[in-house]
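# Secondary and tertiary structure notes
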Amino acid sequence: MPKPVLGIMTLYLNSKKQLEERDIYERMIAEGKRLGLDMYVFTPADVHKDRRLLLAQIYDPHSGKWTRKWRQFPDMIFDRCRVQRSERYRQLKKFRLQYTDLVYLNRPLSNKWAIHQQLARKAAFRPHLPATDLFDGFHSVKRMLKQNSLVYLKPINGTGGRGILRIEPVNKQSGLYLIEGRNHKRHIIPQQRVRLDRLEPRLSSWNMDNYIVQEGIPVQLPNGRVHDYRMLVQKNSQGVWELTGCAGRIGAHRSVTSNLHGGGKAVPMKELLTQWIRDEDQRENIIKQGEKLGLDIAAYLEESYGALCELALDLAINKDGHIYVLEVNPKPAREVFSRIGEKETYRRAITRPMEYALWVYHTQINPKPQAEQKTEDQTEDKTESKAKEGSA
């Protein structure tokens, strides 16, 4: 009996055909093989121009080697493609349009602005969304600064903290504003103090096309470093949304973001939250509220955009314990759990998309006949009954 085939779809990073997450794919393929999946990695650039074939990248967990081989299209696709400004991303869009008949575990979400607008349509989510506007000139920044002392400017398609600026008054009397952030290569830019009348010329030198202006949540620790929380929610082996884990992140020195790729440090959530919120009952309530919020948002966005299998939410928690959703990431990294030593959480983060793929295959692509399923259920019931008798 042939194994279900899962293709991990990604994009090359450059013309040298380098892959960003090869080590993660090795872990996923090893886990998938253990579960009974046949898996390979491919990009839209690997499609045969005349036949329905892919030049797949195949990993052998035993030898630790990668090989290439022409393969048929997979039964299911796990989309790990992130936004790029390249011909490769245009190939991805063409692939999605051309092969709509394929089964995708996850559909692409929209950009930060569109996701914010979508979430804001639901009354229950609005209190958890920082005030956000689409950048349409300096007046939008000035308006946000009047309403909030701390403001962030973010590219609507940015990842990893690239291109983010933070603006806040040095003090209320000076009329000076502090600008800091990271450029589009993720490098920390020098801090600048600028008067309000010089703020617009300074920002005009920054390419602000497709940016949002967002209320900043005060999350600086006593040492001056910013912090937030990365929550991962995933579909489980029964096709149900479930919290996989949540970890704290502390930004590097002089960083306006906490991203690990930008030098941030991962910390267990409870350890970090204890530094921030002293009351234990309040901390437990925050953790429960955060889990419910994450699962509710995942279910809502799936209703809005189509099939999803995992989402990461970046959460800020203010001194009052109020939770804000800073960003939603449909193509999340998961090494934050490895860095804090939560090996089982990290294993689940790797494995759950594979377990969900098997559920999709057996319920949607190749469902078992009812009679066969009934026999299996009866066998399981008998096994459970004997186990209970033995333990009585």
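These remarks concern the structure in this document. Note that the structure is predicted; figures quoted are calculated from it, not measured.

Okay, the pattern of salt bridges next. Tallied over the entire structure, the rule returns 23 salt bridges. The salt bridge partner of Arg52 is Asp101, with a shortest N-O separation of 2.8 Å. A residue pair is termed long-range when its members are at least 10 positions apart, and Arg52 in the loop between β2 (38-42) and β3 (53-60) and Asp101 in the loop between α2 (87-98) and β6 (103-104) qualify at 49 residues. Overall, Arg52 belongs to the partly exposed group, its relative accessible area being 38%. Here Arg334 and Glu310 are joined by a salt bridge, their closest N and O atoms 2.8 Å apart. With Arg334 in the loop between β17 (323-329) and α8 (335-339) and Glu310 in strand β16 (residues 310-317), this pair connects stretches of sequence that are 24 residues apart. Judged by relative accessible area, Arg334 falls into the buried class, the value being 1%. According to the relative accessible area criterion, Glu310 is buried, its value standing at 1%. Beyond isolated ion pairs, a larger network of salt bridges with shared partners links Glu20, Glu21, Arg80, Arg82, Glu310 and Arg334.

Turning our eyes to something else, we now look at the side chain of Thr132. Take Thr132: it is sitting in strand β7 (residues 132-134). Relative accessible area serves as the criterion here: at 9%, Thr132 is assigned to the buried category. Polar contacts involving the side chain of Thr132 include one to the main-chain carbonyl oxygen of Pro130, which spans 2.8 Å. There is a polar contact of 3.2 Å between the side chain of Thr132 and the side chain of Gln214. Thr132 has contacts with Trp113, His116, Met144, Ile212, Val213 and Gln214, leaving out every residue within four places of it along the chain.

Another point: the side chain of Glu302. Tracing the backbone through its elements, the reader meets Glu302 in helix α7 (residues 280-305). At 3.1 Å, the side chain of Glu302 and the side chain of Trp241 are in polar contact. If we ignore the near neighbours within four places in the chain, the residues touching Glu302 are Lys235, Trp241, Ala307 and Leu308.

Time to look at the pairing of β3. With respect to burial, β3 is a largely interior element, 6 of its 8 residues being buried. Bridge count for β3 against strand β4 (residues 65-72) is 8 bridges, and the pairing is antiparallel. Bridge pairing in β4 links Tyr59 to Trp66. Hairpin connection between β3 and β4: a loop of 4 residues separates the two successive antiparallel strands, and Gly64 in this loop has a positive phi of roughly 75°.

Okay, the environment of Asn318 next. Note that Asn318 resides in the loop between β16 and β17. Sequence spacing of Asn318 and Val103 is 215 residues, and the spatial spacing of their C-alpha atoms is 41 Å.

The subject of this paragraph is the sheet that holds β17. Ordered in space as β15-β14-β13-β16-β17, the 5 strands form an open sheet in which the pairing is antiparallel. The open sheet has two edge strands with one neighbour each: β15 (265-268) and β17. Between one strand axis and the next, the sheet turns through 35° on average, direction left out of account.

Spatial ordering of the open sheet is given by β7-β12-β8-β9-β10-β11, a layout of 6 strands whose pairing is antiparallel. Each having just a single partner strand, β7 and β11 (188-195) make up the two edges of the open sheet. Pairwise comparison of adjacent strand axes, ignoring direction, gives a mean angle of 20° for this sheet. In the sheet, strand β8 (residues 151-155) pairs with strand β9 (residues 165-169) via 3 bridges, with the strands oriented antiparallel. Note on β9: the bridge partner recorded for Val151 is Ile167.

The rules behind these values
The written sequence of each chain sets the order in which its residues are numbered from 1. Totals for whole chains, interfaces and linings use every residue, but because this is a predicted model, local features are given only for residues with pLDDT of at least 70 and side-chain atom pairs only at 80 or more, for both listing and counting. Note: side-chain values were computed over all heavy atoms of the structure, leaving out hydrogens and water. Each salt bridge in this description consists of a side-chain nitrogen of Lys or Arg and a carboxyl oxygen of Asp or Glu lying within 4 Å of one another. A helix here means a DSSP run of H or I that spans at least four residues, while a strand means a run of E at least two residues long, and both kinds are numbered starting from the N terminus. For the exposure calls, accessible area comes from a 1.4 Å probe over protein chains only, and a residue counts as buried if that area is under 20% of its type's maximum, exposed if over 50%, partly exposed in between. For the purposes of these results, a polar contact is taken to be a pair of N or O atoms within 3.5 Å, where, inside protein, one atom must be able to donate a hydrogen and its partner to accept one; residues adjacent in sequence count only when each atom of the pair is a side-chain atom. Whether two residues are in contact is decided by their heavy atoms: any pair within 4.5 Å suffices. One bridge is not enough; two strands pair if DSSP finds at least two bridges between them. Each axis is a line fitted through C-alpha atoms, taken for helices only over the stretch in contact, and angles between the N-to-C directions span 0 to 180 degrees.

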